[in-house]
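Residue strings, one per chain:
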Amino acid sequence: ILFRKLIRTSRIIRITIKMKITVDARGLLESHNSGISEYTLNILKEWAKIFGPSRHVTLFSSGSKAAPLTSLSFPVIHKRWPNKLLNLAQFTGLKPLDRLTQTSAYWLPNLNFFQTRKPYAVTVHDLSFEIYPEFFSPKMRLWHKTLKLRQLISQASQVIAVSQNTKDDLINLYQIKPEKISVIHSGVSEEFFRPVSQEYLKILNHKYNLPEKFILFLGTVEPRKNLEGLIEAFELFKRRAGPRMAGVQLVIAGRLGWLYQSVLKTAQPLNSHIKFINYVPAEDRAGIYQLASLFVYPSFYEGFGFPPLE
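Caption draft 1: Quick peek at the sheet that holds strand β11 (residues 294–295). Reading across from one edge, β10-β9-β8-β11 is the order of the four strands in this open sheet, with parallel pairing throughout. At either margin of the open sheet sits one strand with a lone partner, and together these are β10 (274–278) and β11. Two elements, strand β8 (residues 214–218) and β11, share two bridges in a ladder whose sense is parallel. What sits directly across from I215, in β11, is L294. Packing of helix α11 (residues 227–241) onto the sheet brings it into contact with β8, β9 (249–253) and β10, and relative to β9 it is tilted by some 165°.

Set out below in structure tokens:
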């Protein structure tokens, strides 16, 4: 959308063809892909289909690992600097990325430490840290504060919001001009459009040791997801339903996030009826959804929320 707005004359078309875009790919170096890193990865895969092995798109990353980015067809600029050192440099106003990348523009798929003299677009997934700060640890609240997010977003050439809800939050909380924000809804990977065979469902059942009948929650185990409320509701359901629902269990799928200890404590009295199966990769999730009797997603707040769409 940003580039479509630019292509209005033949002169600008020639400039756009020569444009080099650098993507902040630091979020792709996590051990397990989150919703945001999957969002970034799937967009880059689609760009690879469009551009091929193009020099118009470059990926930037830093830290000790670079391997996950080599599967994409774009050039990678990777610096083995500790991310904390790079973040500190940018926090103090330095702009090392401009010297390293020689780019025309940047795209930030997520909020991060970032300083540049070049134009950039930034995707904002949600502002939950502003609306529900109590759902975050003191360390995370400090991290969000040091990012200088209001400045980062307001100085962007274009802001991408993943939902109308997030756009409304940007306008109401940060006073970003509505015309500067484009709502581009997120999508899901191709795995969710393929039928899952009965044979593979049996493999998944064995792999995760799933009960015959279960209610499923899938997402990061953190306070914002309202899992304590879900567990209390499940306990009430078991008590009222009686023997006919005795075999139904609650399966909580997703990595342990922050402030998860109270969730595990709430689940203890029902340990025999609640199963935590940790992170589930994208290629397994379609089958897990299919095996479930019921899917629940009782979050207090979401900017978008991938699992219901999946």
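Structure's up, so let's keep going.
Caption draft 2: Local environment of the pattern of salt bridges. Counting across every chain of the model gives ten salt bridges. One salt bridge connects E190 with K49, and the closest N-O pair in it is separated by 3.0 Å. Separated by 141 residues along the polypeptide, E190 in the loop between β7 (181–183) and α10 (198–208) and K49 in helix α3 (residues 35–51) bring together distant segments of the chain. Here E190 falls in the partly exposed class, since its relative accessible area comes to 42%.

Caption draft 3: Focus on the sheet that holds strand β2 (residues 57–62). Pairing is parallel across the open sheet formed by seven strands, whose spatial order is β3-β2-β1-β4-β5-β6-β7. A single partner strand is all that each edge strand has here, and the edge strands are β3 (76–79) and β7. The average undirected angle you get between the axes of adjacent strands in this sheet is 20°. Bridge analysis of strand β5 (residues 120–124) against strand β6 (residues 158–161) gives four bridges, and the strand direction is parallel. Bridged to T123 within β6 is I160. This element, helix α9 (residues 164–174), spans β5, β6 and β7 of the sheet and lies at about 165° to β7.

Caption draft 4: The arrangement of empty space enclosed by the protein in detail. Across all of its chains, the model carries one cavity of 30 Å³ or more by this definition. Every residue lining the largest cavity is listed: G35, E38, Y39, N42, G187, V188, S189, F192, R285, F306 and E310. Counting residues per element, the lining of the largest cavity draws most heavily on α3, which supplies four residues. Split into classes, the residues belonging to the lining of the largest cavity amount to four nonpolar, four polar and three charged.

The rules behind each value
Residues numbered from 1 in each chain as written. Predicted model: local features only at pLDDT ≥ 70, side-chain atom pairs only at ≥ 80, totals over all residues. Heavy atoms only, no water. Pairing = 2+ DSSP bridges. Helix = DSSP H or I, 4+ residues; strand = E, 2+ residues; numbered from the N terminus. Contact = heavy atoms within 4.5 Å. Axes fitted to C-alpha atoms, helices over the stretch in contact; angles between N-to-C directions. Salt bridge = Lys/Arg side-chain N within 4 Å of Asp/Glu carboxyl O. Buried < 20%, exposed > 50% of the residue type's maximum accessible area, 1.4 Å probe, protein only. 1 Å grid on protein atoms, 1.4 Å probe; cavity = no way out; pocket = protein on both sides within 12 Å on 5 of 7 lines; lining within 4 Å. Points joined across faces, edges and corners; volume = space filled by probe spheres on them. Nonpolar A, V, L, I, M, F, W, Y, C, P; charged D, E, K, R; others polar.

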